[in-house]
Amino acid sequence: MSAPRVVFAAAMVAAAWTTVITGLVAVGAAKAEAAWLKSGPGTGYAVAGKLQTPDQPILDDAKCNNGGSGPTATVHWNYPAPLPSGFELFTATSKNGPVTSAGTTTTTSATVVLPSNKTTYVSVRATTGAWRGSRSPEVAAC
Amino acid sequence: MKNPTLRRVLVVTTVVGATLGGGIAVAAWTSSGSGTAGAKAGTAAAPTATALLASAFTSGLLYPGGPAGDAKIVVNNPNPYPVKVTSIVANGTPTGSGGTGTCTTTGVAWVAQSPATGNSVPANGNTTLTLSGAVTLSAASDDGCQGALFAIPVTVTVSS
């Protein structure tokens, strides 16, 4: 047999074994990975925050006898946390008495329409989604 | 060898014979490897988890419609070799407790996790994983869920 033919034959044999070994390595690796994976039940935990209570509103302006437009009070307040998505304002005709919703805002200031030109108490609370914070202390207007 | 035809026959016979021999070897090796892998899978124990308290959280709190918050999970490894947590996916309905009121509709959703760092669990030990952005809270979350601790059923997968 000539040398080139011997080389050719040897190359063919080597190629065949290379293919076989490569395949075995791939199959073995896949089976090993599958064998080491294991799953089980568990419990993850997370905690919800709480809406903070706004500071007592500060009365910027009160129009108690405002003609046909009715009495109004302009207030602003501080919120001791990153701003929630909104605030709801309330009025009451007696200090710490029953309150009536007086509108919403997404900022920390608002002009509220008062029910009368008599002394009215304004308060505010934070809102986000269905969450409602505690009402702030009241500020008197008129 | 001076006969060309005979030489060709010998060459072809050699190549074919070697290839067939390789094939026989493949069958023998595949059988052996498969049996060993199966035995290892049978002895591995599943990971477990331990309860946490709300006081474990100082940041990453959840707000309705707000950014995704942090989740924590304690993974116990009952095996005598270290493992790594490769995935944590939701596996049930979250519940809320300890809030300011009734928390039936939690609004909690788990974001599938594939931790790449800090996910090693020592042999016969445990690790607390803190997963940033793993939980979201929808605007439908009940008002009474404020301050609640949410327990979220998950499936933990580990690999060695």
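Further up the page is the structure itself.
Residues numbered from 1 in each chain as written. Chains lettered and ligands numbered in written order. Predicted model: local features only at pLDDT ≥ 70, side-chain atom pairs only at ≥ 80, totals over all residues.

## Overview of the sheet that holds strand β3 (residues 72-76) of chain A
Neighbouring strands of a sheet are bound in pairs by backbone hydrogen bonds; such pairs are parallel or else antiparallel. Residue and element names in this part refer to chain A. Strand order across the open sheet formed by three strands is β2-β3-β6, with antiparallel pairing between neighbours. The strands lining the two open edges of the sheet, one partner per strand, are β2 (58-63) and β6 (109-113). Taking each pair of neighbouring strands and ignoring which way they run, the sheet shows an average axis angle of 20°. (Pairing = 2+ DSSP bridges. Helix = DSSP H or I, 4+ residues; strand = E, 2+ residues; numbered from the N terminus. Axes fitted to C-alpha atoms, helices over the stretch in contact; angles between N-to-C directions.)

## Digging into the environment of T100 of chain B
Residue and element names in this part refer to chain B. Assignment of secondary structure puts T100 in the loop between β4 (95-97) and β5 (108-110). Sequence separation between T100 and Q146 is 46 residues; the distance between their C-alpha atoms is 5.6 Å. When residues no more than four places from it in sequence are discounted, the contact partners of T100 are G144, Q146 and G147. (Contact = placed C-beta atoms within 7 Å.)

## Description of the pairing of strand β7 (residues 126-137) of chain B
Residues and elements named next belong to chain B. Where strand β2 (residues 69-76) and β7 come together, seven bridges link them in antiparallel fashion. Note on β7: the bridge partner recorded for V74 is T128. As defined by bridge partners, β5 adjoins β7 across three bridges and the pair is classed as antiparallel. Paired with W110 across the two strands is V135, which belongs to β7.

## Here we look at the environment of S97 of chain B
Residues and elements named next belong to chain B. For S97, the position within the fold is in strand β4. Accessibility expressed as a C-beta count within 10 Å gives 12 for S97, which makes it exposed. For the pair S97 and P153, spaced 56 residues apart in the sequence, the C-alpha separation amounts to 14 Å. Filtering out sequence-adjacent residues up to four positions away, S97 remains in contact with A148 and L149. (Buried ≥ 20, exposed ≤ 12 C-beta atoms within 10 Å, placed from the backbone.)

## Looking at the nonpolar core
Counting 33 residues, the largest nonpolar core has Y45 and A46 of chain A together with I73, V135, F150 and I152 of chain B as the members making the most contacts within it. Listed by contribution, the elements that provide at least two residues to this core are β1 (38-47) of chain A together with β2, β3 (83-90), β5, β7 and β8 (149-159) of chain B. Apart from the residues lying within four places of it in its own chain, the contact partners of I73 of chain B are G42, T43, G44 and Y45 of chain A together with A49, I88, L129 and V154 of chain B. Of all hydrophobic cores here, the second largest spans 18 residues; its members include V112, L114, V122 and W131 of chain A. (Core = buried A, V, L, I, M, F, W, Y, C linked by C-beta atoms within 7 Å.)

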